[in-house]
Amino acid sequence: MGGLRTGKWLDEQVFEPIHEVVPGLIPAGFSLFIGKPKIGKSWAMGGILLAAASGGLALGVIPVGDPQTVMYFALEDGDRRMQDRCRALLGEGVPIPERFNYLTTVPPGQIVITIEAYLASYPETTLLVLDTLGKVMPNASPGESSYQRDYRIGGQLKRIADMYPKLALVVIHHDRKAESSDFIDAVSGTQGLAGSADTIILLSRKRQSTDGLINVTGRDVAEGEYAVTMTDGRFWKLDGETLSEAAKNVRKREESAGLSETSNSILDYVGQHPEGVQAKDVVERFGKDAYTYLDRQLKAGRLVKPKRGLYLVPPVSEVSEVSKSQVSGHDETDTEEMAEDVPQAAEVVAPVHEDQLTVPDIPPIEDPPEPAPGRPRTTKPKCGWCKKAFTPARKGTAYCSRNCRQNANRAAKKKEGR
């Protein structure tokens, strides 16, 4: 009971904001960075390490603030490959940052005490990457299940990360071969590792494709899905100038997949007009077949129609961007640079119902006019036996056919006991 706290004590505490090495992606704590073998995980994390050590831009876009001390356990590399990789990522003539530290070998079973020894000498380290866990994962102890082994190792790494409030300890790990709708299930091994981690980041990319995705979820970071691209087999860059744009580009990619060039062009054209586009303008630009394309995208939920003849792309929820002061640690509070207080969501929202849309400068939808008075509409009677609607051959006929009349008479006689 020595650690018992009261609500009054908790209410009086003032905690520092959680440090983010890469704002919106990698916060302090224990993180898993997973992906398929040879997909470019080491290149991606190498670029992030060098950006943090030099005070540059992570993924080519995200500012990380002042230079930070980083440590890279590159257990699948040697000195020559490490030098070649750093020079390739930094560019010709750019020196490797002095704050970039690394080790390529660790004695078997000694990874935890090696990390502890390093941090005792360099407690100011903010980013420590272990590449990969498979190189140092110990066997399960006698009587210990695989889940217990994974949770024990993950718990030890998390304990180390929790000892240093500004440290992000990232473990690179392979994903499992089985496909799953939940990317957390992609973590190789049991759920012991995923359960012990504060943050899980999945990097995915189809072979022979430059387009990739980063999925992130965790206790101290907004859950999101962001589009990235890979060039020359090494340079990973966010597909957009901000996380919000990268999240929107995920949707654009999904919409473009399997669509014709005309459909993509029409969607792009409509998307360039947030206030909406008249159908006649789309037809004038793309031809009379545009009506068919518009109707098809409307039914697919890629477009909405708030009023007759007007089409627009449904909105996507925004991702709160981190202000400059949060990145650099300075005390600047320029309101124009502060992140908007909006729900933290990066995934694409479901198609919006017409009743939920509010379009500026567009009059409300009017009810359709009443039909003009005229000859009252008649309805066909229903057969007294089969209940189908029919046109009577003569007035007063209750059955659509002779068979139905006979069946009805037999049923009546049977009911009367005759």
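Heads up: the structure comes first, above all this text.
Residues numbered from 1 in each chain as written. Predicted model: local features only at pLDDT ≥ 70, side-chain atom pairs only at ≥ 80, totals over all residues. Heavy atoms only, no water.

Examining the sheet that holds strand S15 (residues 304–307)
And then number 1: Reading across from one edge, S14-S16-S15 is the order of the three strands in this open sheet, with antiparallel pairing throughout. Sheet topology places strand S14 (277–278) and S15 at the edges, where each strand pairs with a single neighbour.
And then number 2: Where S14 and strand S16 (residues 310–312) come together, two bridges link them in antiparallel fashion. Counted as the bridge partner of glutamine 278 is leucine 310 from S16. (Pairing = 2+ DSSP bridges. Helix = DSSP H or I, 4+ residues; strand = E, 2+ residues; numbered from the N terminus.)

A word on the environment of glutamate 275
And then number 1: Relative to the helices and strands, glutamate 275 resides in the loop between helix H8 (261–271) and S14.
And then number 2: For glutamate 275, a relative accessible area of 41% puts it in the partly exposed group.
And then number 3: Residues glutamate 275 and valine 313, 38 residues apart in the sequence, show an inter-C-alpha distance of 9.3 Å. (Buried < 20%, exposed > 50% of the residue type's maximum accessible area, 1.4 Å probe, protein only.)

Considerations on the sheet that holds strand S10 (residues 199–205)
Strand pairing in a sheet is mediated by backbone hydrogen bonds. Such pairs are either parallel or antiparallel.
And then number 1: Across the sheet, which stays open at both edges, the nine strands sit in the order S7-S6-S8-S9-S3-S10-S11-S12-S13 with mixed pairing between neighbours. Sheet topology places strand S7 (100–103) and strand S13 (235–238) at the edges, where each strand pairs with a single neighbour. This sheet shows a mean twist of 20 degrees between the axes of neighbouring strands, independent of strand direction.
And then number 2: Bridge count between strand S6 (residues 70–74) and strand S8 (residues 127–131): five bridges; the pairing is parallel. (Axes fitted to C-alpha atoms, helices over the stretch in contact; angles between N-to-C directions.)

Some points on the packing of helix H2 (residues 41–54) against helix H3 (residues 79–90)
Each pair of packed helices can be summarised by the angle the axes make with each other and by the distance between the axes.
And then number 1: Running from N to C, H2 and H3 cross one another at 70 degrees; their axes reach a closest spacing of 10 Å. Relative to H3, the element H2 lies roughly perpendicular. As H2 packs across H3, the resulting crossing turns out to be right-handed. The residues of H3 that touch H2, namely those facing Ser42, Trp43, Gly46, Gly47 and Leu50, are Arg85, Cys86, Ala88, Leu89 and Leu90.
And then number 2: Each residue belonging to the contact of H2 with H3 can be placed in one class, and the counts come to six nonpolar, three polar and one charged. (Parallel < 35°, antiparallel > 145°, perpendicular 65-115°, else oblique. Left-handed = near helix turned anticlockwise from the far one by under 90°. Contact = heavy atoms within 4.5 Å. Nonpolar A, V, L, I, M, F, W, Y, C, P; charged D, E, K, R; others polar.)

Details of the pairing of S7
And then number 1: For S6 and S7, the ladder comprises four bridges, and the chain directions are parallel. Within S7, the residue paired with valine 70 across the bridge is phenylalanine 100.
And then number 2: Handedness of the crossover joining S6 and S7 through H3: right-handed. (Right-handed = clockwise from strand over helix to strand, strands pointing away.)

Here we look at the pattern of salt bridges
And then number 1: Tallying each qualifying case throughout the model produces 11 salt bridges.
And then number 2: Among the ionic pairs, aspartate 77 bridges to arginine 85, the shortest N-O distance being 3.4 Å.
And then number 3: Residue aspartate 77 is classed as buried on the basis of its relative accessible area, which comes to 11%.
And then number 4: Judged by its relative accessible area of 12%, arginine 85 falls in the buried class.
And then number 5: Close ionic contact of glutamate 116 with arginine 159 constitutes a salt bridge, the shortest N to O distance being 3.0 Å. Of this pair, glutamate 116 sits in helix H4 (residues 111–121) while arginine 159 sits in helix H5 (residues 146–163), and the two are 43 residues apart along the sequence.
And then number 6: Residue classification places arginine 159 among the partly exposed residues on the basis of a relative accessible area of 39%.
And then number 7: It is possible to trace a salt-bridge network through shared partners that takes in Lys158, Asp162, Asp198 and Arg219. (Salt bridge = Lys/Arg side-chain N within 4 Å of Asp/Glu carboxyl O.)

Here's the deal with H3
And then number 1: Relative to the 16 Å expected for 12 residues at 1.5 Å per residue, H3 spans 16 Å between its end C-alpha atoms, a close match to the ideal helical length.
And then number 2: Looking at the buried residues of H3, the elements they touch are H2, S6, S7 and S13. (Expected span 1.5 Å × (residues − 1).)

A look at the side chain of arginine 85
And then number 1: Positionally, arginine 85 belongs in helix H3.
And then number 2: What arginine 85 contacts, discounting residues up to four positions off in sequence, is Ser42, Trp43, Tyr72 and Asp77.

Quick look at a nonpolar patch on the surface
And then number 1: Together, Trp9, Leu10 and Phe15 line one region of the surface with nonpolar side chains, adding up to about 340 Å² of accessible area.
And then number 2: When you line up the elements, tryptophan 9 lands in helix H1 (residues 7–12).
And then number 3: A relative accessible area of 34% places tryptophan 9 in the partly exposed class. (Patch = residues over 30% accessible without salt bridge, like charges linked within 9 Å, V, L, I, M, F, W, Y side chains within 5 Å. Areas by Shrake-Rupley, 256 points an atom, 1.4 Å probe, with all protein chains shown as cover.)

Looking at the packing of aromatic side chains
Given two aromatic rings, one states the distance between the centres and the angle between the planes to describe the pair.
And then number 1: Tallying each qualifying case throughout the model produces five aromatic pairs.
And then number 2: Taking 4.9 Å as the distance between ring centres and 20 degrees as the angle between the ring planes, the aromatic pair formed by tyrosine 118 and tyrosine 122 counts as stacked.
And then number 3: Given a relative accessible area of 10%, tyrosine 118 falls into the buried group.
And then number 4: Residue class for tyrosine 122 comes out partly exposed when judged on its relative accessible area of 36%.
And then number 5: Relative to phenylalanine 286, the ring of tyrosine 269 lies with its centre 5.8 Å away and its plane at 70 degrees, an arrangement referred to as edge-to-face. Of this pair, tyrosine 269 sits in helix H8 while phenylalanine 286 sits in helix H9 (residues 279–286); the two residues are 17 residues apart in sequence, bridging distant segments of the chain.
And then number 6: Residue classification places phenylalanine 286 among the partly exposed residues on the basis of a relative accessible area of 28%. (Phe/Tyr/Trp six-rings, centres within 6.5 Å; stacked < 30°, edge-to-face > 60°.)

Description of the environment of proline 274
And then number 1: When you line up the elements, proline 274 lands in the loop between H8 and S14.
And then number 2: Expressed as a C-alpha distance, the spacing of proline 274 and proline 315, which sit 41 residues apart in the sequence, is 8.8 Å.

Here we look at the packing of H4 against H5
And then number 1: As a packed pair, H4 and H5 sit with axes 11 Å apart at the nearest point and diverge in direction by 5 degrees. One element, H4, and the other, H5, form an angle in the roughly parallel class. Two secondary-structure elements touch here, H4 through Val112, Ile115, Glu116 and Leu119 and H5 through Gln156, Leu157, Arg159 and Ile160.

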